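Descriptive analysis of the structure
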Amino acid sequence: MAKLTIKDILAFEVLDSRGSPTIAAEVILSDNNSSMAYVPSGASTGKHEALEFRDGDKSRYHGRGVSKAINFIKNELKESIIGLDPLDQKVIDTNLCKADGTHNKSALGANSILAVSLANLRASAVSRSMPLYQYIHSINKQVSKLNKEPILPAPMLNILNGGVHADNKIDFQEFMIQPLGFNTFKSALRCGVEIFYELKNLLKSENLITSVGDEGGFAPQLATAEEAIELILKAIKASGYEAGKDVFVCLDPASSEFFNENKYILQGADKHLSPGEMISYLKTLTSKYPINSIEDGLDEDDWEGWKSLTETLGSEVQLVGDDLFATNPERIKRGIEESVANSVLIKMNQIGTISETLEAVALSQENGYKTIISHRSGETEDTSIADLAIGLAAGQIKTGAPSRTDRVSKYNRLIILEEKFKIPFVGKNEAL
Ligand code: PGA
Ligand code: ZN
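Residues numbered from 1 in each chain as written. Chains lettered and ligands numbered in written order. Predicted model: local features only at pLDDT ≥ 70, side-chain atom pairs only at ≥ 80, totals over all residues. Heavy atoms only, no water.

1. Quick notes on the domain arrangement of the chain
Quick note on the threshold: All domain edges in this entry derive from an automatic or database-based domain assignment. Two residues form a contact once any of their heavy atoms are found within 4.5 Å. Accessible area that two parts lose when put together, with a 1.4 Å probe and added across both, is what the buried area reports.
Domain assignment breaks the chain into domain 1 (6–129) and domain 2 (154–421). Distance from the C-alpha centre of domain 1 to the C-alpha centre of domain 2: 27 Å. Opposite the 32 residues of domain 1 that make contact, domain 2 presents 30 residues. Summed over both partners, the interface of domain 1 with domain 2 comes to about 2600 Å²; 49% of that surface belongs to carbon and sulfur atoms.

2. Quick notes on the site of ligand 1
Our working definition: One heavy atom within 4 Å of a molecule or strand is enough for the residue carrying it to be called near that molecule or strand. As used in this structure description, the phrase polar contact means that two N or O atoms lie within 3.5 Å; if the pair is within protein, one of them must be able to donate a hydrogen and the other to accept it, and residues adjacent in sequence are counted only when both atoms belong to side chains. Only the protein chains shown count as covering a residue, and every accessible area follows the Shrake-Rupley method with a 1.4 Å probe. Method remark: on a 1 Å grid restricted to protein atoms, a set of points is classed as a cavity if a 1.4 Å probe fits but cannot get out and as a pocket if it is open with protein on both sides within 12 Å along at least five of seven lines; lining residues have an atom within 4 Å of a point. Assignment of a molecule to a cavity or pocket requires that more than half of its atoms lie within 2 Å of the corresponding grid points. By the convention adopted, Pro, Cys, Tyr, Trp, Phe, Met, Ile, Leu, Val and Ala count as nonpolar, Lys, Arg, Asp and Glu as charged, and the other residues, Gly among them, as polar.
Every one of the 15 residues lining ligand 1 counts as a neighbour, but Ala43, His165, Arg376, Ser377 and Lys398 are closest to it. In this structure, an oxygen atom belonging to ligand 1 sits 2.8 Å away from a side-chain N or O atom of His165. Side-chain polar atom of Ser377 to an oxygen atom of ligand 1: 2.6 Å apart, as the coordinates give it. Coverage of ligand 1 by the protein amounts to 100% of the 280 Å² it exposes when considered alone. Counting atoms within 2 Å of the grid points, the majority share of ligand 1 lands in the second largest cavity. Taken together, the residues of the shell around ligand 1 break down into two nonpolar, five polar and eight charged. Both domain 1 (6–129) and domain 2 (154–421) contribute no fewer than three residues apiece to the shell around ligand 1.

3. Here we look at the coordination of the zinc ion (ligand 2)
Stated formally: Counted as coordinating are nitrogen, oxygen and sulfur atoms within 2.8 Å of the metal, or 3.2 Å for Na, K and Ca, while water is not included, which may make sites look incomplete. Numbering of helices and strands starts at the N terminus; helices are DSSP runs of H or I of at least 4 residues and strands are runs of E of at least 2. Three labels apply to residues, based on accessible area from a 1.4 Å probe with only protein chains included: buried if under 20% of the type maximum, exposed if over 50%, partly exposed otherwise in between.
At the metal site, the zinc ion (ligand 2) is ligated by Asp252 (OD), Glu295 (OE) and Asp322 (OD), and these contacts range over 2.0 to 2.2 Å. Linear spacing of the donor residues for the zinc ion (ligand 2) on their chain is D-x42-E-x26-D. Residue Asp252 is found in strand 6 (residues 247–252), and its partner Asp322 is found in the loop between strand 11 (318–321) and helix 9 (329–337); the two are separated by 70 residues along the sequence. Asp322 carries the same exposure label as Asp252, and that label is buried.

4. Things to note about unusual backbone geometry
Its identity as a non-glycine residue notwithstanding, Asn207 has a phi of 55°, on the positive side. Along the polypeptide, Asn207 turns up in the loop between helix 5 (185–205) and helix 6 (225–238). A relative accessible area of 72% places Asn207 in the exposed class. Residue Ala341 is not a glycine yet carries a positive backbone phi of 65°. Inspection of the secondary structure assignment puts Ala341 in the loop between helix 9 and strand 12 (343–346).

5. Concerning helix 6
Formally: To estimate the expected span of a helix, subtract one from its residue number and multiply by 1.5 Å.
Here helix 6 is 14 residues long and its end C-alpha atoms lie 20 Å apart, about the 20 Å a rise of 1.5 Å per residue gives. Within the span of helix 6, buried status applies to Ala225, Ala228, Ile229, Leu231, Ile232, Leu233, Ala235 and Ile236. Of the surrounding elements, those touching the buried residues of helix 6 are strand 4 (154–161), strand 5 (174–179), helix 5, strand 6, helix 7 (275–288) and strand 10 (291–295). Backbone geometry just downstream of helix 6 places Gly240 in the positive-phi region, at approximately 85°.

6. Considerations on the sheet that holds strand 10
Stated precisely, the cut-off is as follows: The rule for pairing is simple: two strands pair if DSSP sees at least two bridges between them. Axis geometry follows a simple rule: fit a line to the C-alpha atoms, using only the stretch in contact for helices, then measure angles between N-to-C directions, giving values from 0 to 180 degrees.
Around the barrel, eight strands lie side by side as 4-5-6-10-11-12-13-14; this closed barrel has mixed pairing. Going across the sheet, the axis of each strand differs from the next one's by a mean of 25°, ignoring polarity. Here four bridges tie strand 13 (residues 370–374) to strand 14 (residues 395–398), and the two strands are oriented parallel to one another. The residue bridging Ile372 from the neighbouring strand is Gln396, located in strand 14.

7. Here we look at the layout of surface pockets
Here is the rule we go by: Grid points are joined across faces, edges and corners, and a volume is the space filled by probe spheres set on the points.
Here the largest pocket defines a volume of roughly 520 Å³. Along the wall of the largest pocket there are 24 residues; nearest its centre are His103, Lys105, Asn328, Ile351 and Glu356. If you list the elements that add at least two residues to the lining of the largest pocket, you get helix 2 (89–100), helix 9, helix 10 (348–351) and helix 11 (354–366).

8. What to know about the state of the cysteines
As a reminder of what qualifies: Counting rule for disulfides: a pair of cysteine sulfur atoms within 2.5 Å.
This model, assessed by the stated rule, comprises zero disulfides. As a non-bridged cysteine, Cys191 has Cys250 as the owner of its nearest cysteine sulfur, 12 Å distant. With relative accessibility at 0%, the residue Cys191 sits in the buried group.

9. With respect to the packing of aromatic side chains
The test is simple: Each Phe, Tyr or Trp ring, with Trp reduced to its six-membered ring, pairs with another whose centre is within 6.5 Å; inter-plane angles below 30 degrees give stacked pairs, above 60 give edge-to-face pairs, and intermediate values give tilted ones. To sit over a ring, a charge needs its Lys NZ or Arg CZ within 6 Å of the ring centre and within 35 degrees of the ring normal.
Scanning the model with the defined rule gives ten aromatic pairs in all. With centroids separated by 6.2 Å and ring planes inclined at 65°, the aromatic side chains of Phe172 and Tyr281 adopt a geometry described as edge-to-face. Of this pair, Phe172 sits in the loop between strand 4 and strand 5 while Tyr281 sits in helix 7; the two residues are 109 residues apart in sequence, bridging distant segments of the chain. We classify Tyr281 as buried; its relative accessible area is 8%. Here Phe259 and Tyr264 contribute two aromatic rings whose centre-to-centre distance is 4.4 Å and whose plane-to-plane angle is 40°, an arrangement assigned as tilted. An aromatic cluster of at least three residues, connected via ring pairs, comprises Phe172, Phe175, Phe258, Phe259, Tyr264 and Tyr281. Residue placement shows Arg334 over the ring face of Trp303; its charged tip is 4.0 Å from the ring centre.

Next up, the structure:
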């Protein structure tokens, strides 16, 4: 049989869910199998993420075009891997990184590199006639000592949006619900969806708007986190579920967005808090409400604050590093060494290749840190994160509200994979 190689790579400037240009890349193999991958984009982007390359030419898409990144794919990146074995994802990714040559992918852009890395992964799965999740599981053997069996993740649904994802006054970016008391993914998701319906009814009855933010959650004109949580608790009750048993509340304040000169400035709530006061505030919220997870509770560089937050709340609440870790194995390592946080948010485009993403997950899991595979606020029809969550047995997935196809497409992929391949659903204790 002829050796399988990468025959061609195509790239297109397409649009994400905010109408911002993004990249679709297609890897075509010598056996004529191929696949397309689309790259997402963040709004509350962390300082330590790999660079997203944009044209900066104000005459096109307000400077947000990606035509230069597309050219990098067609030239430098294509040259670095053409003719190689696509099944050796590690070599492909190493070559892509070498072509860039910088520590944060600032020469060619993490968006162009990820598009190729992910399209290569997807095309390889097609060529091997494997569902993507299974192929991911098979290559993870070389990366992870645990390489846990595929499992459906517990969903985290962001049903109320604030911060930079919405045009309201709420300081915290995300108010999520996590259904946990269920035996299947589908029934857990159904719980989340029914709560979402009730939240809409409640908002209407209180004359609040029901338009949605970037991640599909409602974006009512509320001011404080307490008001948002109280509404969600009412919606849980109205839908016949029990908060703290069937379903929990998760927060993503995205604190780096409102941290300035060593103060957490909550304009909606009218609070100016020192790191110690912010920790006390989060502690008050967790003792008052059934909150089981807080992401980016403190700033991405506030390592001292994070240590004390972890000492204060780490044994009872999942503390998730998103901007803090930026899916970067070096930063995750520091977190593990300094006992900072206990969970890692995984976003492929924060680091820029599949191999580094797998490494980040393996490192976290091997050290007892929980992992949550995540979308970005700017998304596309690409559903690879659903397969990634299953194939790596991440335990949890965060991919928005059950509204807007850019969010729902991931949930639909999970529903179908669960039913078609009879994959088990993560139990409550395994998830958290
Ligand atoms: P982003 O937000 O995709 O806009 O960065 C998501 C998050 O903070 O989790
Ligand atoms: Zn976040």
